[in-house]
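Here's the letter readout for the chains.
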Amino acid sequence: MERIDNVFYSYANKSSGLIDPEGIEALCSDLEVDHTDVRILMLAWKMKSEKQGYFTLEEWRRGLKALRADNVHKLKKALPELEKEVKRPTNFVDFYSYAFQYCLTGNEKEKQKSIDIESICQLLDLALGFQFRSQVDYFIDYLKIQSDYKVINLDQWMGFYRFCNEINFPGLSNYDPELAWPLILDNFVEWLREKQT
Amino acid sequence: MERKVIELDQGWDYMQKGITKLKRILEGSVEQFNSEEYMMLYTTIYNMCTQKPPHDYSQQLYDKYKDSFEEYISSTVLPAIREKHDEFMLRELVKRWGNHKLMVRWLSRFFHYLDRYFIARRSLPALNEVGLTCFRSLVCFFRQNFDTFCILIQIDKEREGEQIDKALLKNVLDIFVEIGMGQMDCYEQDFEAPMLEDTGVYYSHKASSWILDDSCPAYMLKSEECLKKERDRVAHYLHSSSEAKLVEKVQHELLVNFSTQLLEKENSGCRALLRDDKVDDLSRMYRLYHKIPKGLDPVATIFKQHITAEGMLLVQQAEDAASNQLFFDSQVLIRKVIELHDKYLAYVSDCFQNHTLFHKAMKEAFEIFCNKTVGGSPSAELLATFCDNILKKGGSEKLSDEAIEDILEKVVKLLAYISDKDLFAEFYRKKLARRLLFERSANEEHVTDLTLAKDNQNEFENYLSNNPNAHPGIDLSVNVLTTGFWPSYKSSDLNLPSEMVRGVQVFKEFYDTKSKHRKLTWIYSLGSCQLIGNFEAKKIEMVVSTYQAAILLLFNTSDRLSYSEIMTQSNLGHEDLVRLLHSLSCAKYKILIKEPISKTVSPNDIFEFNPKFTDRMRRIKIPLPVVDERKKVVEDVDKDRRYAIDAAIVRIMKSRKVLGHQQLVSECVEQLSRMFKPDIKAIKKRMEDLIARDYLERDKENANLFRYLA
């Protein structure tokens, strides 16, 4: 327990008592993982971290205990196992949803509900790219050229995951716009179909 | 005294004599049975049946009774029938049947005692039945439907126009019926079924040649006649139960089988009949096909296509006129559509007996072309403009109040076909307000405010004549309206030309004497002016809007002004300015010369007064096209629709609590259908918005289910 705390303090900002973005960068380089790597996001999920870019002591403890790591070396070794854990379908939905909410900015009073297009594109790439490469790439292309939506909300975000899981790609034969798919996906499918003819 | 036992042979011998005599009578002898003879024969049977066993011969007598018939039929009756042909055979059959019935009657009288006890005890058929059945099985069976065959030949002969003996046929067919003894099976199986088949073959043959040679009306006429003749046939000699089946058969061969070829006949089929207004033929078509299940469907489809084509043609013509910038009069289009409507409504009621199928076809056709945009204007707007014109003093021709009401009723009918009813309402409202402001509507509805305004004006004039110091400098008349009674009009902060400033000032002073507590807001955008232009050729009076006047008056002090200078001096916005300058320099009357010369006004243009302008007339009206109104109206209606959809969704979800996506969408569409047809995408968008605003949430398990959040 003490060891975990010590590792925490070695990265934490002295004045705030939290690990801040700088600290995280340092942690990443020690873990030999790029700070934009999805595994950091997975770590945050494991910790149930609330604010992007910051780890509290409680969160740190929670995460490292769960991963049974009390030093950086062990933490590094735990990453592959963590990856496997996240990718299990039952966990992945939770992780995917978490990824979105983690990126929302704002404080208690003015909690944001949606994320701007550019950030979404990055997030999609990070969170879903490895699993649904082609869908993600096409969707990102579409998001960039469309002008109906400037931000994406959670419902649309989750809708896209459902889309990847349920809809034949690139055939799209079983997509029915009369169902409750978010409108942005209806438009996306229309755009795709037009491209294919 | 003991009765003497009668032996079977002995008794039967005696009976046989009686039977033989009966046969002689049937063959024509004038002999008769007297009561004594009858009694003897009856009693013989009686005795033989009531003797004690082994001398009770009931069974044997029953069998012999039956044998008597069989013997007679096979030895005498059948040969007699067989040796004749055709009609004669039929006659023989009828005669023999008559005979047979007689024989049955007499014999069953003689043998009657058997009927009383024996047959009931043994559950055997009664004597009468036995007798008739014999005829049936022997004659009909052995004949193998030769008689049916003969009858059919007769029937076909009659169909070809030959005279036949209808009474004979009736008699023959009565045999078939009677023989059934209450059941129709003999008639149906032995006669009717083959008859129907023969009929089918006959008409199928006829139809195949007629369909090639005859035009549609001719074919229909023939069909109608055939059906009538077949019905007559039933009345004359067929059994009434055959009518429905016969008619169906004929209809099937003539009308159902060749329905497509008939209706689609080029130059004479349904389409051509509609085109050429052949009301009688179409009525016949309706009569023929309406009894056939689904028979009218193809006719209704062609009807719908025809109306749609005619309607689309009108729309296309109008669209062409508009795009070629020829004079596009929307009045004409609407009038033509009304005429089209009247025309086909008449068809539906006269030819098609107001059948719902045709009402529906017409409705669907009108819905297709009545929702097209023509010359940039949505149909809702065209219709509103049309109403506006009618109500403005009865339109271009003076119409009586009755005529106006008539036309407006027809417009309402057309309105039913338009899906954007709310758009119509909005346009209508705006035009109504304008009509009330500027002109007296044809119905002379006295709007209190306008009356007050008129009173006001009169008072103002009095004030002026009583106050020599009050010089407006111009002739000024003002309408004062109460805010709130009228749609809100935007009016920009026009820099009033000096010529008008004094006038406004004087009015304000006057108004203040009337009521100190009221604030006047001047809506210059609705004003109009009369200016006199001093052109080189001659002076011309111009009727323009106040805004236009304001711009023109600027040229009293400068000959040339740039766009931006005009803007600064008049204090008008881009949107207004472009429109105004266009109307004065690029339209019909070029009061100003624009540099560079082009069709549109741009901020870099320079304007100069055009002294060389002239016109045939001494007084011209320079119109200001109110294009923007449409854009604004459409925007307003879109906004209202968004609220309407939101409200509908919330209302539905509040009462249902949980609802599937498709159901929600369809209920929403239904609720709003009275006013407009909501776009599915628009509904989805509003739902998303409501989710974001926490009115609804999507179910976690089922993505197609939505829940209301209180």
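It should be emphasised that the depicted structure is a prediction, and the values quoted were computed from it without experimental measurement.

Draft legend 1. Structural view of the overall build of chain A. Across its full length, chain A carries ten helices and two strands. Taking all 197 residues of chain A together, 49% fall into the buried category. By element, 48% of the accessible surface of chain A is carried by carbon and sulfur atoms, the whole surface being about 10700 Å².

Draft legend 2. Focus on the nonpolar core. Counting 73 residues, the largest nonpolar core has Leu254, Met285, Tyr289, Phe303, Phe358 and Phe366 of chain B as the members making the most contacts within it. Beyond its immediate stretch of four places on either side in the chain, Phe358 of chain B contacts Tyr286, Leu296, Val299, Ala300, Phe303, Val348 and Phe352 of chain B. Among the nonpolar cores identified, the runner-up in size contains 72 residues, and Leu31, Ala99, Ile115 and Trp157 of chain A belong to it.

Draft legend 3. Structural detail: the environment of Gln196 of chain A. Residues and elements named next belong to chain A. Here Gln196 lies in helix H10 (residues 183-196). For Gln196, a relative accessible area of 46% puts it in the partly exposed group. Sequence spacing of Gln196 and Pro170 is 26 residues, and the spatial spacing of their C-alpha atoms is 9.4 Å. Sequence-distant contacts of Gln196, that is, excluding residues within four places in its chain, are made with Pro170 and Leu172.

Draft legend 4. Quick look at helix H7 (residues 117-128) of chain A. Residues and elements named next belong to chain A. Taking 1.5 Å of rise per residue, twelve residues should cover 16 Å, and H7 covers 16 Å from first to last C-alpha, within 8% of that figure. Here H7 has its buried residues at Ile117, Ile120, Cys121, Leu123, Leu124, Ala127 and Leu128. Among the structural elements, helix H3 (38-47), helix H6 (89-103), strand E1 (114-116), helix H8 (133-145), strand E2 (151-153) and helix H9 (154-166) are those in contact with the buried residues of H7.

Draft legend 5. Here's a closer look at the side chain of Gln135 of chain A. Along the chain, the position of Gln135 of chain A falls in helix H8. Reaching out from Gln135 of chain A, the side chain makes a polar contact with the side chain of Ser134 of chain A at a distance of 3.1 Å.

Draft legend 6. Representation of the packing of aromatic side chains within the structure. The tally for this structure, following the rule as stated, stands at 57 aromatic pairs over all chains. An angle of 50° between the planes, with centres 6.1 Å apart, marks the rings of Trp106 of chain B and Phe110 of chain B as tilted. Here the residue Trp106 of chain B and the residue Phe110 of chain B both occupy positions in helix H4 (residues 86-110), the gap between them amounting to four residues, near one helical turn. Taking relative accessible area as the criterion, Trp106 of chain B reaches 24% and is therefore assigned partly exposed. An aromatic cluster is present here, built from Trp45, Phe92, Phe95, Tyr96, Phe100, Phe130, Trp157 and Tyr161 of chain A joined pairwise through their rings. When the ring centre of Tyr54 of chain A is taken as reference, the NZ or CZ atom of Lys51 of chain A above it lies at 4.9 Å.

About the cut-offs
Residues numbered from 1 in each chain as written. Chains lettered and ligands numbered in written order. Predicted model: local features only at pLDDT ≥ 70, side-chain atom pairs only at ≥ 80, totals over all residues. Heavy atoms only, no water. Helix = DSSP H or I, 4+ residues; strand = E, 2+ residues; numbered from the N terminus. Buried < 20%, exposed > 50% of the residue type's maximum accessible area, 1.4 Å probe, protein only. Areas by Shrake-Rupley, 256 points an atom, 1.4 Å probe, with all protein chains shown as cover. Core = buried A, V, L, I, M, F, W, Y, C linked by side-chain atoms within 4.5 Å. Contact = heavy atoms within 4.5 Å. Expected span 1.5 Å × (residues − 1). Polar contact = N/O pair within 3.5 Å; in protein donor to acceptor, adjacent residues only side chain to side chain. Phe/Tyr/Trp six-rings, centres within 6.5 Å; stacked < 30°, edge-to-face > 60°. Lys NZ or Arg CZ within 6 Å of the ring centre and 35° of its normal.

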